[in-house]
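Read off the chains here:
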Amino acid sequence: MERKWDRVRQLYMPALLCTALWGSAAPCIKKGYELFQIPAGETFSQLLFAGWRFALAGVLVLIVAKIKGNRICPVRSEWKPIFMISLFQSMIQYVFYYIGLSATTGTKGAVLSGTQTFFALIFAHIFLKNDKLNRQKVIGCVCGFAGVLVLGLGGLNGFNVRGDLMVLLSAMSAGAGALVSRIYTPGRDPMLLTGWQLLLGGLFLGAVGMVGGGQLGAVVPLGVLLLGYMIVLSAAAFTIWTALLGKFPVGRVSIFGFSIPLFGAIFSALLLRENIFTLRNMAALLLVSGGIAIANRVRESKADAPQA
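**Comments concerning the overall build of the protein chain**
Piece 1. Looking only at helices and strands, the protein chain has 12 helices and 0 strands in total.
Piece 2. Its helices and strands taken in sequence order, the protein chain reads α-α-α-α-α-α-α-α-α-α-α-α from the N to the C terminus.
Piece 3. For 308 residues, the compact-globule estimate of 2.2 N^0.38 gives 19 Å, and the C-alpha radius of gyration of the protein chain, at 18 Å, lies within 12% of that figure.
Piece 4. Each principal axis of the C-alpha distribution contributes one length, and for the protein chain these read about 55 × 50 × 30 Å.
Piece 5. When the 308 residues of the protein chain are sorted by exposure, 53% land in the buried category.

**Side note on a nonpolar patch on the surface**
Piece 1. A surface patch of nonpolar side chains, about 280 Å² in accessible area, is lined by V59, I63 and I67.
Piece 2. By relative accessible area, which is 69% here, I67 ends up exposed.

**Some thoughts on empty space enclosed by the protein**
Piece 1. Under the criterion given, the structure shown has 1 cavity of 30 Å³ or more.
Piece 2. In this structure, the largest cavity occupies an estimated 190 Å³ of space.
Piece 3. Taken together, 18 residues make up the lining of the largest cavity; nearest its centre are W22, Q93, Y94, Q116 and A174.
Piece 4. Listing elements by their share of the lining of the largest cavity, those giving two or more residues are helix 1 (2–35), helix 3 (79–101), helix 5 (116–127), helix 7 (161–184) and helix 9 (221–247).
Piece 5. Taken together, the residues of the lining of the largest cavity break down into 10 nonpolar, 7 polar and 1 charged.

**What about the pattern of salt bridges?**
Piece 1. Enumeration according to the criterion identifies 2 salt bridges in this entry.
Piece 2. In this structure, K31 engages E34 in a salt bridge whose closest nitrogen and oxygen atoms are separated by 3.6 Å. In this pair, K31 and E34 both sit in helix 1, 3 residues apart, roughly one turn of the helix.
Piece 3. R71 is paired through a salt bridge with E78; the nearest N and O atoms lie 2.9 Å apart.
Piece 4. Judged by its relative accessible area of 6%, E78 falls in the buried class.

**As for the nonpolar core**
Piece 1. Residues W22 and Y98 are the most contacted members of the largest nonpolar core, which totals 67 residues.
Piece 2. In terms of residues, this core owes the most to one element, helix 1, which gives 12 residues.
Piece 3. Discounting residues that sit within four places of it in the chain, Y98 has contacts with I29, Y33, Q46, F49, A50, R53, F54 and M230.

**Focus: the packing of aromatic side chains**
Piece 1. Tallied over the full model, the rule gives 17 aromatic pairs.
Piece 2. For the pair Y33 and Y98, a centre-to-centre distance of 6.4 Å together with 70° between the ring planes defines the contact as edge-to-face. One end of the pair, Y33, is in helix 1; the other, Y98, is in helix 3, with 65 residues separating them in the sequence. Just as Y33 is buried, Y98 falls in that class too.

Conventions adopted
- Residues numbered from 1 in each chain as written.
- Predicted model: local features only at pLDDT ≥ 70, side-chain atom pairs only at ≥ 80, totals over all residues.
- Heavy atoms only, no water.
- Helix = DSSP H or I, 4+ residues; strand = E, 2+ residues; numbered from the N terminus.
- Rg over C-alpha atoms; globule rule 2.2 N^0.38 Å.
- Buried < 20%, exposed > 50% of the residue type's maximum accessible area, 1.4 Å probe, protein only.
- Patch = residues over 30% accessible without salt bridge, like charges linked within 9 Å, V, L, I, M, F, W, Y side chains within 5 Å.
- Areas by Shrake-Rupley, 256 points an atom, 1.4 Å probe, with all protein chains shown as cover.
- Salt bridge = Lys/Arg side-chain N within 4 Å of Asp/Glu carboxyl O.
- 1 Å grid on protein atoms, 1.4 Å probe; cavity = no way out; pocket = protein on both sides within 12 Å on 5 of 7 lines; lining within 4 Å.
- Points joined across faces, edges and corners; volume = space filled by probe spheres on them.
- Nonpolar A, V, L, I, M, F, W, Y, C, P; charged D, E, K, R; others polar.
- Core = buried A, V, L, I, M, F, W, Y, C linked by side-chain atoms within 4.5 Å.
- Contact = heavy atoms within 4.5 Å.
- Phe/Tyr/Trp six-rings, centres within 6.5 Å; stacked < 30°, edge-to-face > 60°.

As structure tokens, then:
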């Protein structure tokens, strides 16, 4: 019983906190486009908005790390892990995500983001010897991915390239990023890695946006407050998630990504007033939740136990 509670405290609760924060991101980004007056077709302005968010989130993580007495200056051997994590989890992922989200709904964007779990499990199965798919994980993934498809594609006017495909490519990059984090995080400070990867990613996104002539149409107090929340969201979620990937197998952590659509749908209803209370939505949410429960009914093994 005590061991089960440790697993809940060390893995389940922090993982669900991360997915709740990320689930709120899609509707917050769309609300940010509205408050900062960024039109749907203004790609470079969208990337500039993303750049501010992630660069400041990185600075926030490094400030907190410094206050805690942690080292914040990377040594030479840490630059490669920082760059590789940033490449997949900030640069590629959010180029696709911010562009795609401007051309789809908040609910659908959050739902399609949930497929990052599916990609992460496949990448882990291919590239990691101790993190293979088994029957429970496969069944859980089938249920969860079916829920994602039901909620994201059924009856929502088909699949559009600029919006849905871009978000799906973003999820694929996030899945690859989970694998990269699993490879490079063990034995390293997750706050240092997170702070610098967010800062590098934010500078990259902001630079691309500025070079392309992007700008924020308006700066209002409510928009600044929303941006502040998104900065804290990124700093907290990425730090916790990176730490989890350093302690547990990718499959154990990434399976919780299927709950992103649950939270995304809820926050989209609250912030964007999208209608989520339909039979299709409820069926999809049950499939997603069931997928998480099934995939996590895997016997605890040495590979599944937290690493020191």
